[in-house]
Amino acid sequence: MDFHDYFDLTQLYADYAAAVSSGDWDLWPEFFTEECSYRLQPRENHERGFPLATLFFESKGMLKDRVYGIRETLFHDPYYQRLVVGTPLVRKVGGGRIDCEANYAVFRTKLSTETTVFNVGRTIDVVVRTPQGLKFESRLVVYDSELIPNAIIYPI
Amino acid sequence: MNESETTVTPKHIHWESTGTSRIPFEVYTDAAIHSKELDRFFYRNHWCYVGLEAEIPNIGDFKRTVVGERSVIMARGEDGGINVVENICAHRGMAFCRERHGNRKEFVCPYHQWSYTLQGNLQGVPFRRGVKQEGKVNGGMPADFDPAEHGLNKLAVAARGGVVFASFDHDIESLEDFMGPVILEYFDRLFNGRKLKILGYNRQRIPGNWKLMQENIKDPYHPGLLHTWFVTFGLWRADNKSRLVMDRLHRHAAMISTRGAAGKSGQVTQVSSFKETMQLHDPRFLDIVPEPWWGGPTAVMITLFPSLILQQQVNSVSTRHIQPDGHGAFNFVWTHFGFEDDTEEITQRRLRQANLFGPAGFVSADDGEVIEFSQQAFESRPLHHTLVEQGGREVGDTDHMVTETLIRGMYEYWRKVMEI
Ligand SMILES: [Fe+2]
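This section reports on the structure supplied with the text. As the structure is a prediction and not an experimental result, all values here were calculated from the model.

### Topic: the overall build of chain A
So, step 1. When you go through chain A residue by residue, the secondary structure sums to 3 helices and 8 strands.
So, step 2. Mapped in sequence order, the helices and strands of chain A form the string α-β-α-β-α-β-β-β-β-β-β.
So, step 3. Over its C-alpha atoms chain A spans a radius of gyration of 15 Å, differing by no more than 12% from the 15 Å that the globule rule assigns to 156 residues.
So, step 4. Judged by the C-alpha coordinates and their principal axes, chain A covers about 45 × 35 × 25 Å.
So, step 5. For chain A, buried positions account for 55% of its 156 residues.
So, step 6. Contacts in chain A between residues far apart in sequence, at least 24 positions, make up 58% of those at least 6 positions apart.
So, step 7. About 6,800 Å² of surface is accessible on chain A, with carbon and sulfur atoms providing 53% of the total.
So, step 8. Counting 17 positive and 22 negative side-chain charges, chain A places the centres of these two groups 2 Å from one another.

This is the structure:
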């Protein structure tokens with residue numbers, strides 16, 4: 001992997017973090033290919049080989065449906081979220097894809113309250129190059145956080 | 001009401017009548033009431049959920065969980081039977097089991113290496129007979145120390161259809177009598193003897209009183225109003241064919257509904273944001289395939305008082321374990337499962353439909369939210385009360401969903417047992 005590709009990859013991660021911290025949820029599905037996988041999974045399930053995920057999406061269409069749910073149907077307390085992501089660790093490059101991962105932390109700020117650590121873990125990703133730039137073909141978000149503080153509404 | 005309008009803290013819990021259609025906020029906010037509930041509902045006379053047999057398939061497998069607020073271990077013994085013991089070493093009282101699951105030949109408390117069989121019998125006490133040194137014996141337990149008297153605290157265990165319940169109280173009716181014939185029928189519909197296959201867990205902490213979760217699943221008035229996703233995509237109509245039934249003490253209930261063929265309609269939703277034309281980008285969220293065991297109903301939600309909710313919503317099935325933690329919060333653990341004869345397709349369908357449920361679910365995330373904000377208000381004004389008078393003030397089974405009768409029924413039972 002040359003410097004140019006690695007620069008693009010770090011931009012992808014930084015761009016994603018900015019997008020899901022912005023409150024503009026329509027940005028989120030656009031980081032993915034049409035046929036894609038997005039799973040938000042407790043570490044317990046991941047390590048014990050249980051397939052259940054807290055969110056289990058199999059297409060960009062499902063991500064768009066989630067955005068619709070956030071905006072139109074899911075009643076929730078409004079909150080800011082701030083995703084802080086570590087430098088991506090490249091595991092493998094080849095066959096037109098990059099296998100990589102990164103640690104992350106999400107901080108939540110509800111109105112009139114202090115900021116709290118909301119969710120932490122790592123993403124295990126497959127990134128591919130498309131005419132529109134680098135996209136996630138697969139993003140598995142494995143979270144350490146044992147108890148979800150009530151509800152997860154926004155994408156991580 | 002004697003207190004002035006600006007007083008928010010009652011001197012005594014105040015019910016407006018002998019009925020239960022107005023529930024004092026204080027039942028959710030008082031620490032003494034909470035302790036009494038633990039004693040009377042979780043630690044005495046009630047079968048509490050501990051897990052599924054499929055979580056501990058092999059001899060020596062164990063799972064740590066709770067009954068009420070007490071840590072317990074469910075383990076499969078040498079004889080293949082299921083034991084449930086309290087996670088407190090008989091010696092110095094340490095909660096010795098730290099792993100949440102695993103496989104052991106015995107339980108050992110790391111503090112002084114006291115060891116117990118999988119049944120909870122004390123089998124090893126280091127230096128029980130002292131230590132020989134220069135011709136004399138130093139220390140040792142008293143001569144009358146009898147290991148048989150110092151096992152782990154053993155709970156009564158009842159299992160049916162692969163679901164395991166336990167009770168600290170050994171003088172308790174059978175699990176079947178506890179559920180009663182009406183609820184048992186729906187329990188057996190879901191757990192009809194097939195082996196279960198664990199799909200995984202979701203864990204959330206909801207900052208509200210534990211009873212609010214029981215009430216949420218005894219409230220068929222809200223789904224078509226709060227959960228607009230249900231309505232928007234045609235999974236819920238207030239005129240769906242449905243039934244609400246209770247056990248004879250009104251503590252347990254089942255909400256049984258059958259999705260109509262008519263699809264969605266604005267007239268029966270009353271949801272202002274309702275959009276008749278909305279389509280899913282990916283309709284696989286609702287790729288529902290009826291299963292033979294349903295026998296008609298497409299959704300059956302069972303509340304077993306005090307600790308458990310059993311969910312069948314189309315192809316998604318789960319147990320939801322209520323784990324109180326003080327009067328103002330509970331942990332809520334979802335165990336999604338399937339059945340051993342499931343095809344890969346049906347497993348995928350269960351995993352996909354699980355997007356509707358759990359702490360991020362399209363129609364469940366908002367339940368936790370409303371519970372949190374109810375609790376906030378209760379804490380600020382304990383003297384006030386909720387109003388559960390939809391469908392009348394009385395308690396009884398119905399053949400429709402436009403009622404809060406199951407909540408009134410639960411509090412009828414609650415008042416009797418709590419003597420409040
Ligand atoms: Fe609900």
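### Notes on the sheet that holds strand β8 (residues 148-149) of chain A
So, step 1. Pairing is mixed in the open sheet, where 8 strands are placed in the order β8(A)-β14(B)-β20(B)-β19(B)-β18(B)-β17(B)-β16(B)-β15(B). The open sheet has two free edges, formed respectively by β8 of chain A together with β15 (241-246) of chain B, since each of these has just one partner strand.
So, step 2. In this structure, β15(B) lies alongside strand β16 (residues 253-258) of chain B, joined through 6 bridges in antiparallel fashion. Pairing of B:R243 across the sheet is with B:I256, part of β16(B).
So, step 3. Most of the contacts of helix α2 (residues 175-190) of chain B go to strand β17 (residues 299-304) of chain B, to which it runs at about 130°, and overall it touches β15, β16, β17, β18 (308-313), β19 (316-324) and β20 (330-339) of chain B.

### A word on the interface of chain B and chain A
So, step 1. In this assembly, 42 residues from chain B lie in contact with 37 residues from chain A.
So, step 2. Applying the counting rule to chain B against chain A returns 5 salt bridges.
So, step 3. Its salt-bridge partner being B:R203, residue A:E44 comes within 2.9 Å of it at the nearest N-O pair.
So, step 4. At the boundary of chain B with chain A, the tally comes to 23 residue pairs in polar contact (both at pLDDT 80 or more).
So, step 5. Mapped by element, the contributors of at least two residues to the side of chain B that touches chain A are β14 (196-206), α5 (228-232), β20, α6 (344-353) and α7 (365-380) of chain B.
So, step 6. The element contributing the most residues to the side of chain B that touches chain A is β14(B), with 9 residues.
So, step 7. Among the residues forming the side of chain B that touches chain A, the class breakdown is 19 nonpolar, 13 polar and 10 charged.
So, step 8. Here β8(A) pairs with β14(B) via 2 bridges, running parallel. Within β14(B), the residue paired with A:P149 across the bridge is B:R205.

### Structural notes on α6(B)
So, step 1. Buried residues dominate α6(B), accounting for 7 of its 10 residues.
So, step 2. Among all positions in α6(B), only B:I346, B:T347, B:R349, B:R350, B:L351, B:R352 and B:Q353 are buried.
So, step 3. In this structure, the buried side of α6(B) is in contact with β2 (55-57) and α3 (60-73) of chain A together with β14, β18, β19 and β20 of chain B.

### What to know about the coordination of the iron ion
Residues and elements named next belong to chain B.
So, step 1. The protein atoms donating to the iron ion are H222 (NE2), H227 (NE2), D367 (OD) and D367 (OD), with metal-donor distances spanning 2.0 to 2.5 Å.
So, step 2. One can describe the donor arrangement at the iron ion as irregular, given that its 4 donor atoms subtend angles of 57 to 149° at the metal.
So, step 3. One chain supplies every donor for the iron ion, spaced along it as H-x4-H-x139-D. With H227 in the loop between α4 (223-226) and α5 and D367 in helix α7, this residue pair connects regions lying 140 residues apart in the sequence. The two residues H227 and D367 agree in class, both being buried.

### What to know about the pattern of salt bridges
So, step 1. Per the stated rule, a full pass over the model turns up 36 salt bridges over all chains.
So, step 2. Here B:D287 and B:R352 are joined by a salt bridge, their closest N and O atoms 3.8 Å apart. With a gap of 65 residues between them, B:D287 in the loop between β16 and β17 and B:R352 in helix α6 connect regions that are remote in the sequence.
So, step 3. With relative accessibility at 28%, the residue B:D287 sits in the partly exposed group.
So, step 4. A network of salt bridges, in which partner residues are shared, links A:E44, A:R48, A:E146, B:R100 and B:R203.

The rules we used
Residues numbered from 1 in each chain as written. Chains lettered and ligands numbered in written order. Predicted model: local features only at pLDDT ≥ 70, side-chain atom pairs only at ≥ 80, totals over all residues. Heavy atoms only, no water. Helix = DSSP H or I, 4+ residues; strand = E, 2+ residues; numbered from the N terminus. Rg over C-alpha atoms; globule rule 2.2 N^0.38 Å. Buried < 20%, exposed > 50% of the residue type's maximum accessible area, 1.4 Å probe, protein only. Contact = heavy atoms within 4.5 Å. Areas by Shrake-Rupley, 256 points an atom, 1.4 Å probe, with all protein chains shown as cover. Lys, Arg positive; Asp, Glu negative; His and termini not counted. Charge placed at Lys NZ, Arg CZ, Asp CG, Glu CD. Pairing = 2+ DSSP bridges. Axes fitted to C-alpha atoms, helices over the stretch in contact; angles between N-to-C directions. Salt bridge = Lys/Arg side-chain N within 4 Å of Asp/Glu carboxyl O. Polar contact = N/O pair within 3.5 Å; in protein donor to acceptor, adjacent residues only side chain to side chain. Nonpolar A, V, L, I, M, F, W, Y, C, P; charged D, E, K, R; others polar. Donors = N, O, S within 2.8 Å, 3.2 Å for Na, K, Ca; no water. Tetrahedral: all angles 85-135°; square planar, octahedral: opposite > 155°, others 65-115°.

Honestly, that's just the spatial picture; any functional story needs more than this.
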